[in-house]
Amino acid sequence: MADEKTRTSGEVPRPEAKGPILPTTNPEAEKPQPPKPAVHPAFYVMVWISLSSSVILFNKWILDTLDFRYPVILTTYHLTFATIATQLMARYTSLLDGRKSVKMTGRVYLRAIVPIGLFFSLSLICGNLTYLYLSVAFIQMIKATTPVAVLLSSWAMGLAPPNLKQLANVSAIVVGVMIASFGEIRFVWIGFLYQLGGLMFEAIRLNLVQALLSSAEYKMDPLVSLYYFAPICAVMNGLVALIWEVPKVSMAEVYHVGLFIFFLNGLCAFLLNVSVVFLIGKTSAVIMTLCGVLKDVMLVVASMLIWGTPVSGLQAFGYTIALGGMVYYKLGLEALKGYAGEAGRQWAEFGATRPALRKVVVIGAVVLFVFVLFGGLAPTYAPDYDPSQYLAGAAEKFGVSS
């Protein structure tokens, strides 16, 4: 009988290792950590708040305190400065390289950029005209209604369907600003109407920008947007200034302000746009919303300190409601609950680790609140009241010579 063929496996048994088996990976090795940012995000927040507040106070100071009552000329100068600066940055820096990905044509420029530039110009003109009539504090209070104007204009333009829930969410802002307006001591109707007009023009501009940026082909950061919008806005504002203000202005008024002051003002306004680019890239929308609220409150306080703006208790109460409504509308209830819970935990940990310092903070906050409430924000019911005449009459009745 023939021998049967047997199939053998090709596997050869390996000899047992005599030494320790080395691992294929090292579990003790540390995972690569992302590089830490060279500059803390708080720095960008502080720069943005400082520049944003400085531009508003700077414009008010030039237009009102220095009596250069030509807001359209000032706006035209800002836009001309921005046009020159963005052109130079596009040529010599990489900050505007984002424009290369934007498919900008002459047709798109005329149909999209020019209308946006028109409403941008109108909002800037109305916004600066307001400084001639209203205080910075009251202007900031009215600006709290910007989300309401954006929402209503989006419905009117057909960009979004009407939503009663959203309308209810922004109703607190409207109620708060109405209370603040009733409490305003130096209310001027024409200034109030200019500010409302500026808000509506700005709301339309924001909706047009949102519609433009909804296409991936036209995504652009604020600095690239300024690169495209500033030239057309400068031309439009310049035409208005030529007709309205240039025939009345004199070089003596320009020199009274000072050429160096004008340069600093234009530089400050332009750097604000640059800071927005870095702020968006380094922080979240939540941080920007809260920083905007902080900036508005600081501007109200600065207006009180610099120009002695009277702010009544009713006005402060209404503004508080408006700010609360604005934060609620932008962040939502669930997000606010989460942040409130996190803040409570952080505050509890702070109290556990540093109880004495927490007591100092609480006492300081209470003292500051009482001082502000009964000092700077107390309502002025009789600003023209002079008690001397009543004292003299009382003294005469009792036969006492005063």
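As the structure is a prediction and not an experimental result, all values here were calculated from the model.

Rules used in this analysis
- Counting restarts for each chain, with residues numbered from 1 along the sequence as it is written.
- Whole-chain, interface and lining totals are the exception, using all residues; otherwise, since this is a predicted model, local features are given only for residues with pLDDT of at least 70 and side-chain atom pairs are given and counted only at 80 or more.
- Water and hydrogen atoms were dropped before computing side-chain values, which therefore reflect all heavy atoms in the structure.
- The helix count covers DSSP runs of H or I at least four residues long, the strand count covers runs of E at least two residues long, and both are numbered beginning at the N terminus.
- Relative accessibility under 20% of the residue-type maximum defines a buried residue, over 50% an exposed one, and the middle range a partly exposed one, all with a 1.4 Å probe and only protein chains included.
- By definition, residues are in contact when any of their heavy atoms lie within 4.5 Å.
- Residue exposure ignores everything except the shown protein chains as possible cover, and the areas themselves are Shrake-Rupley values with a 1.4 Å probe.
- Definition of a polar contact: a pair of N or O atoms within 3.5 Å, with one able to donate and the other able to accept a hydrogen when the atoms are protein atoms, and with sequence-neighbouring residues admitted only if both atoms are side-chain atoms.
- Take a side-chain nitrogen of Lys or Arg and a carboxyl oxygen of Asp or Glu: if they are within 4 Å of each other, that pair is a salt bridge.
- Aromatic pairing here means that ring centres of Phe, Tyr or Trp (its six-membered ring) are within 6.5 Å. Orientation follows from the plane angle: under 30 degrees is stacked, over 60 is edge-to-face, and everything else is tilted.
- Expected helix span is taken as 1.5 Å per residue step, with the number of steps being one fewer than the number of residues.
- Values of bend correspond, residue by residue, to the angle between axes fitted over the seven residues ending at that residue and the seven starting there.
- To define axes, lines are fitted to C-alpha atoms, for helices over the stretch in contact only, and angles between the resulting N-to-C directions are given on a 0 to 180 degree scale.
- Crossing handedness is read from the near helix: turned anticlockwise from the far helix by less than a right angle, it gives a left-handed crossing, and turned clockwise, a right-handed one.
- For this scheme, ten residues count as nonpolar: Ala, Val, Leu, Ile, Met, Phe, Trp, Tyr, Cys and Pro. Four count as charged, namely Asp, Glu, Lys and Arg, and the remainder, Gly too, count as polar.
- Nine residue types can take part in a nonpolar core, namely buried Ala, Val, Leu, Ile, Met, Phe, Trp, Tyr and Cys, and a core is a set of them joined through side-chain atoms within 4.5 Å.
- Confidence scores here are pLDDT values: one per residue, from the predictor, ranging 0 to 100.
- Under this scheme an angle from 65 to 115 degrees is roughly perpendicular, one under 35 degrees roughly parallel, and one over 145 degrees roughly antiparallel; angles in between are oblique.

1. Some points on the overall build of the chain
Within the chain, the regular secondary structure consists of 15 helices and zero strands. In the chain, buried positions account for 38% of the 402 residues. Taking as baseline every contact in the chain between residues at least 6 positions apart, the subset at least 24 positions apart corresponds to 86%. Of the accessible surface of the chain, which amounts to about 24,900 Å², a share of 67% is contributed by carbon and sulfur atoms.

2. Digging into the side chain of Thr76
Within the secondary structure, Thr76 sits in helix α2 (residues 71-92). With a relative accessible area of 13%, Thr76 lands in the buried category. Polar contacts involving the side chain of Thr76 include one to the main-chain carbonyl oxygen of Val72, which spans 2.8 Å. Once residues lying within four places of it in the same chain are set aside, the contact partners of Thr76 are Ala234, Asn237, Gly238 and Ala241.

3. Focus: the pattern of salt bridges
Applying the stated criterion across every chain yields a total of six salt bridges. Arg69 is the partner of Asp64 in a salt bridge, and the nearest nitrogen-oxygen pair spans 3.8 Å. On the basis of relative accessible area, Asp64 is assigned to the partly exposed category, the value being 28%. Its relative accessible area of 35% is what places Arg69 among the partly exposed residues. Note that Asp67 and Arg69 form a salt bridge whose closest N and O atoms lie 3.7 Å from each other. Residue class for Asp67 comes out partly exposed when judged on its relative accessible area of 44%.

4. A few points about the packing of aromatic side chains
All told, the structure shown has 16 aromatic pairs when counted by the stated rule. With a centroid separation of 6.3 Å and 40° between ring planes, the pair formed by Phe119 and Phe201 is classed as tilted. Taken together, the residues span a long stretch of sequence, with Phe119 in helix α3 (residues 106-130) and Phe201 in helix α7 (residues 189-213) at a distance of 82 residues. Given a relative accessible area of 24%, Phe201 falls into the partly exposed group. Relative to Phe192, the ring of Trp189 has its centre 5.8 Å away and its plane inclined at 85°; by these criteria the two rings are edge-to-face.

5. Here we look at helix α12 (residues 313-331)
The end-to-end C-alpha distance of α12, which contains 19 residues, comes to 27 Å, matching closely the 27 Å that a straight helix rising 1.5 Å per residue would cover. By the burial criterion, the buried members of α12 are Gln315, Ala316, Gly318, Tyr319, Ala322, Leu323, Gly325, Met326, Val327 and Leu331. One or two steps after α12, the chain reaches Gly332, where phi turns positive at roughly 95°.

6. Description of helix α6 (residues 164-183)
Helix length check: α6, at 20 residues, gives a terminal C-alpha distance of 29 Å against a target of 28 Å (1.5 Å per residue), a fit within 8%. When the local axis directions of α6 are compared, the greatest deviation, roughly 35°, occurs at Val170. Among the residues of α6, Val170, Ile173, Gly176, Val177, Ala180, Ser181 and Gly183 are the ones counted as buried. With a side-chain oxygen positioned 2.9 Å from the backbone nitrogen of Lys165, the residue opening α6 is Asn163.

7. Some details on the packing of helix α5 (residues 146-156) against α6
α6 packs onto α5 with a crossing angle of 145° between their chain directions and a minimal axis gap of 9 Å. Our pair here, α5 against α6, has a crossing hand that is left-handed. Touching Pro147, Val148, Leu151, Leu152 and Trp155 of α5 are Gln166, Leu167, Val170, Ile173 and Val174, all from α6. Of the residues contributing to the contact of α5 with α6, the split by class is nine nonpolar, one polar and no charged.

8. Some thoughts on the side chain of Ser181
Along the chain, Ser181 turns up in helix α6. Judged by its relative accessible area of 14%, Ser181 is buried. Excluding anything up to four places from it in sequence, Ser181 contacts Phe138, Phe187 and Phe192.

9. Structural notes on the environment of Ile49
The topology assignment puts Ile49 in helix α1 (residues 41-65). Sequence spacing of Ile49 and Leu294 is 245 residues, and the spatial spacing of their C-alpha atoms is 8.3 Å. Those residues within four positions of Ile49 in sequence are excluded, and the remaining contacts are Cys291, Leu294, Lys295 and Met298.

10. Overview of the nonpolar core
Ile62, Phe68, Met141 and Phe262 are the most contacted members of the largest nonpolar core, which totals 48 residues. One finds Leu96, Val108, Tyr227 and Met236 within the second-largest nonpolar core, a separate group that totals 32 residues.

11. What about the confidence of the model for the chain?
Per-residue pLDDT for the chain has a mean of 80; in total, 80% of the residues score no lower than 70. When pLDDT is averaged over each helix and strand of the chain, the minimum, 53, is found for helix α15 (residues 388-397) and the maximum, 94, for helix α9 (residues 251-257).

12. Some words on the packing of helix α4 (residues 136-143) against α7
Contact geometry for α4 and α7: axes closest at 10 Å, N-to-C directions at 40°. Judged on the interaxial angle alone, α7 and α4 are oblique. Here the hand of the crossing between α4 and α7 comes out right-handed. Together, Phe138, Ile139, Ile142 and Lys143 of α4 and Phe192, Gln195, Leu196 and Leu199 of α7 make up the contact between the two elements. Its residues assigned to classes, the contact of α4 with α7 comprises six nonpolar, one polar and one charged.

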